[in-house]
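# Tertiary structure, described
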Amino acid sequence: MRQSSLLPILLSASFLVSSCKGVGDYKFDTVTFVISKPIPPAAGPQPGIHIDTNTKVSSITGGTVKSTKPYAIAVDFTDDTFTYAEAEFTKVTVTYADGTNDPGAAALKLPISIPARRYETTNSMAGGRIVKTKLRVISGKIPGSITRDKPLTLRIEGNLIKDDGTKIPFAIKQNYTVTIDKTTKPWGDVMQDR
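None of these values were measured; they are calculated from a predicted model.

### Remarks on the overall build of the protein chain
The helix and strand tally for the protein chain stands at three helices and 12 strands. Looking at the protein chain as a whole, 35% of its 194 residues qualify as buried. Sequence-distant contacts in the protein chain: of pairs separated by 6 or more residues, those separated by 24 or more amount to 73%. Of the accessible surface of the protein chain, which amounts to about 10,900 Å², a share of 55% is contributed by carbon and sulfur atoms.

Rendered as structure tokens:
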């Protein structure tokens, strides 16, 4: 879970307990992987990726916010053409700055396939008009791929596979630095930061 995806949880908490007594501090023990070099534009379609650090909040009124190893590679691809059936991952390599490869990524049973699912969005427009948009989403995780809180290079190869079986290859290379947060913050400051 990206730290930014904690926002809805923490905002909901602020509405529920803003007038309650006994709201406590949050003790953070989190890791964030940050892309360290600009990503060149892809030559063709490819999924977006980020590192999911399994960050959980223990309580809406204070407690802990903690990342838990091993981390996953999260995958997202939106298909508004309705032509892609799945994403297939044939190579996943995690290399740390010291040159070692992560055993979690090395142990993956490849290829890993993530099927597309149908998705519908509903938006209100001016004049009360409702607009529904249908699309396909390829979204999932490659679990247990990253076991260290260290800068790394992530290399992924695979294919986006169309309904007719056509394979569109992709190759992703991203470099990450690591930010570690081991602080304690008052509940009100956490809500203000979000």
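### Digging into the side chain of Asn159
Its location among the elements puts Asn159 in strand β10 (residues 152–162). Asn159 sits in the buried class, given a relative accessible area of 13%. Those residues in contact with Asn159 that sit more than four places away from it in its chain are Glu86, Ala87, Glu88, Thr90, Lys167, Ile168, Pro169 and Phe170.

### Considerations on the packing of aromatic side chains
Tallied over the full model, the rule gives four aromatic pairs. With centroids separated by 6.5 Å and ring planes inclined at 85°, the aromatic side chains of Phe33 and Tyr176 adopt a geometry described as edge-to-face. Taken together, the residues span a long stretch of sequence, with Phe33 in strand β1 (residues 25–35) and Tyr176 in strand β11 (residues 167–181) at a distance of 143 residues. By relative accessible area, Phe33 is classed as buried at 10%. Measuring from centroid to centroid gives 5.4 Å for Phe77 and Tyr84, while their planes differ by 85°, and the two rings are edge-to-face. Residue classification places Tyr84 among the buried residues on the basis of a relative accessible area of 9%. Across the ring face of Tyr96, the terminal group of Arg148 is positioned such that the distance to the ring centre comes to 4.3 Å.

### Concerning unusual backbone geometry
The amide bond that connects Lys69 to the next residue, Pro70, takes the cis arrangement and shows omega of -5°. Along the chain, the position of Pro70 falls in the loop between β4 (63–66) and β5 (71–79). Cis geometry marks the peptide bond from Leu110 to Pro111, where omega comes out at 0°. By the element assignment, Pro111 lies in the loop between α2 (103–106) and β7 (112–115). Here Asn54, not a glycine, exhibits a phi torsion of approximately 50°, which is positive. Structurally, Asn54 is set in the loop between β2 (48–52) and β3 (56–57).

### Brief notes about the sheet that holds strand β9 (residues 130–146)
Working definition: the strands of a sheet are paired by backbone hydrogen bonds and lie parallel or antiparallel to each other. One open sheet holds the four strands; their spatial order is β2-β5-β9-β8, and the pairing between them is antiparallel. Looking along the sheet, the strands with just one partner apiece sit at the ends: β2 and β8 (117–124). The mean inter-strand angle of the sheet, taken between neighbouring strand axes irrespective of direction, is 35°.

### What about the side chain of Glu88?
By secondary structure assignment, the location of Glu88 is in strand β6 (residues 84–96). A relative accessible area of 11% means that Glu88 is categorised as buried. Among the polar contacts made by the side chain of Glu88, one reaches the side chain of Lys167 at a distance of 3.4 Å.

### Points about the confidence of the model for the protein chain
Predicted confidence across the protein chain gives a mean pLDDT of 86, with 84% of residues reaching 70 or more. By mean pLDDT, the top-scoring element of the protein chain is β6 (98), and the lowest-scoring one is helix α1 (residues 7–17) (53). Below pLDDT 50 for its whole length, residues 16–21 participates in seven contacts with residues either more than four positions away or in separate chains.

Conventions we followed
- Residues numbered from 1 in each chain as written.
- Predicted model: local features only at pLDDT ≥ 70, side-chain atom pairs only at ≥ 80, totals over all residues.
- Heavy atoms only, no water.
- Helix = DSSP H or I, 4+ residues; strand = E, 2+ residues; numbered from the N terminus.
- Buried < 20%, exposed > 50% of the residue type's maximum accessible area, 1.4 Å probe, protein only.
- Contact = heavy atoms within 4.5 Å.
- Areas by Shrake-Rupley, 256 points an atom, 1.4 Å probe, with all protein chains shown as cover.
- Phe/Tyr/Trp six-rings, centres within 6.5 Å; stacked < 30°, edge-to-face > 60°.
- Lys NZ or Arg CZ within 6 Å of the ring centre and 35° of its normal.
- Pairing = 2+ DSSP bridges.
- Axes fitted to C-alpha atoms, helices over the stretch in contact; angles between N-to-C directions.
- Polar contact = N/O pair within 3.5 Å; in protein donor to acceptor, adjacent residues only side chain to side chain.
- pLDDT = per-residue confidence, 0-100.

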